[in-house]
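Breakdown of the fold
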Amino acid sequence: SGIIGAALNNGEGVAGLAPQVLIDPRKVLNSVNNGTVANIAQAIRDAADEGAKIINLSLTTDQPSSVLESAVNYAVGKGILLVGAAGNSLPPIPDPVQWPAAYPGVVAVAATDRSDQRASYSNTGDVDLAAPGGLSSQLIHSTWPAGVNCPTVGPNYCTGFGTSMSAAFVSGAAALVWGTRPELSLVQIKNLLLETAR
């Protein structure tokens with residue numbers, strides 16, 4: 001959420017790519033990042049029904065699911081852009097894109113490092129875009145849940161790396177473009193992202 005929409009010019013922390021965006025958070029994972037596909041699918045449907053324009057999916061599962069695919073298709077049918085993390089596999093041979101990013105209706109985002117090269121942990125294969133994901137030696141700084149102390153930074157902010165950060169950067173860029181050109185369709189926004197990326 002911080003990468004996408006942290007407040008701008010408040011003299012604190014970081015600024016998001018689209019600081020005027022309205023964030024509609026949907027909690028589907030517990031405190032150790034575990035959850036169910038059913039909860040993810042329900043959150044996608046709920047966000048779609050509440051009028052979301054972009055759904056950021058900074059999470060992965062290593063198995064396809066008809067329940068999750070159906071929710072993705074439901075959201076795409078409503079003209080919503082879904083952006084998903086490709087996954088963080090172990091080197092030397094990165095795995096194919098994980099789900100839900102592997103579904104055709106989701107923009108699959110891989111991670112790059114500070115030199116604009118593929119991050120060593122990032123899944124590869126049928127990805128659509130790549131965006132900054134950082135490395136263990138090049139951590140990305142962002143907002144952090146209130147009341148949860150970050151050992152490397154402190155309250156309210158923390159550092160991390162992964163394709164979850166990469167997906168958030170693409171979601172933020174999409175929100176910035178769509179906020180500027182609200183008349184554009186899902187397909188037009190998706191094509192703008194794909195065709196103008198370096």
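All figures in this text were calculated on a predicted structure; none of them were measured in a lab.

Moving on: the overall build of the chain. Secondary structure assignment for the chain yields five helices and six strands. The secondary structure elements of the chain, listed N-terminal to C-terminal, are α-α-β-α-β-β-β-β-β-α-α. The C-alpha atoms of the chain give 16 Å as radius of gyration, which agrees with the globular expectation for 198 residues (16 Å, within 12%). Side chains of the chain carry 10 positive and 14 negative charges; the gap between the two charge centres is 3 Å.

Overall, parallel pairing links the four strands, which are arranged E1-E2-E3-E4 in an open sheet. On the outer flanks of this sheet lie strand E1 (54-57) and strand E4 (129-132), each paired with one strand and no other. Direction aside, neighbouring strands of the sheet carry axes that sit 30° apart on average. Here E1 runs beside strand E2 (residues 81-85); their pairing, made up of four bridges, is parallel. Note on E2: the bridge partner recorded for Ile-54 is Leu-81. Along the sheet, helix H5 (residues 186-196) makes contact with E2, strand E3 (106-112) and E4, crossing E2 at roughly 40°.

Right, let's talk about the packing of helix H4 (residues 163-180) against H5 for a bit. When two helices pack together, their arrangement is given by the angle between their axes and by how far apart the axes lie. For the pair H4 and H5, the least separation of the axes is 10 Å and the interaxial angle reads 120°. Taken together, the axes of H4 and H5 lie oblique to each other. The handedness of the crossing between H4 and H5 is right-handed. Where H4 approaches H5, its residues Val-170, Ala-173, Ala-174, Val-177 and Trp-178 are matched on the opposing element by Leu-186, Ile-189, Leu-192 and Leu-193.

For the coordinates displayed, the defined rule picks out one disulfide. There is a disulfide in this structure between Cys-150 and Cys-158, and the S-S distance comes to 2.0 Å. Between Cys-150 and Cys-158 the disulfide shows an S-S torsion of about 60°. By sign, it is right-handed. Since its relative accessible area comes to 2%, Cys-150 is described here as buried. What makes Cys-158 buried here is its relative accessible area of 7%.

By size, the foremost hydrophobic cluster in this structure holds 22 residues, and its most contacted members are Ile-44, Ile-55, Ala-75 and Leu-82. Contributing elements (two or more residues each) for this core: helix H2 (37-49), E1, helix H3 (66-77) and E3. The leading source of residues in this core is H2, at six residues. Not counting chain neighbours up to four residues away, the residues in contact with Leu-82 comprise Ile-44, Ile-55, Leu-57, Val-72, Ala-75, Val-76, Gly-105, Val-106 and Val-107. Of all hydrophobic cores here, the second largest spans 15 residues; its members include Leu-81, Ala-85, Trp-178 and Leu-186.

What follows covers the pairing of E1. Of the two faces of E1, the one holding Ile-55 and Leu-57 is buried and the one holding Ile-54 and Asn-56 is not buried anywhere. With H3 bridging E1 and the parallel E2, this β-α-β connection has right-handed handedness.

Conventions we followed
Residues numbered from 1 in each chain as written. Predicted model: local features only at pLDDT ≥ 70, side-chain atom pairs only at ≥ 80, totals over all residues. Heavy atoms only, no water. Helix = DSSP H or I, 4+ residues; strand = E, 2+ residues; numbered from the N terminus. Rg over C-alpha atoms; globule rule 2.2 N^0.38 Å. Lys, Arg positive; Asp, Glu negative; His and termini not counted. Charge placed at Lys NZ, Arg CZ, Asp CG, Glu CD. Pairing = 2+ DSSP bridges. Axes fitted to C-alpha atoms, helices over the stretch in contact; angles between N-to-C directions. Contact = heavy atoms within 4.5 Å. Parallel < 35°, antiparallel > 145°, perpendicular 65-115°, else oblique. Left-handed = near helix turned anticlockwise from the far one by under 90°. Disulfide = S-S within 2.5 Å. Buried < 20%, exposed > 50% of the residue type's maximum accessible area, 1.4 Å probe, protein only. Core = buried A, V, L, I, M, F, W, Y, C linked by side-chain atoms within 4.5 Å. Right-handed = clockwise from strand over helix to strand, strands pointing away.

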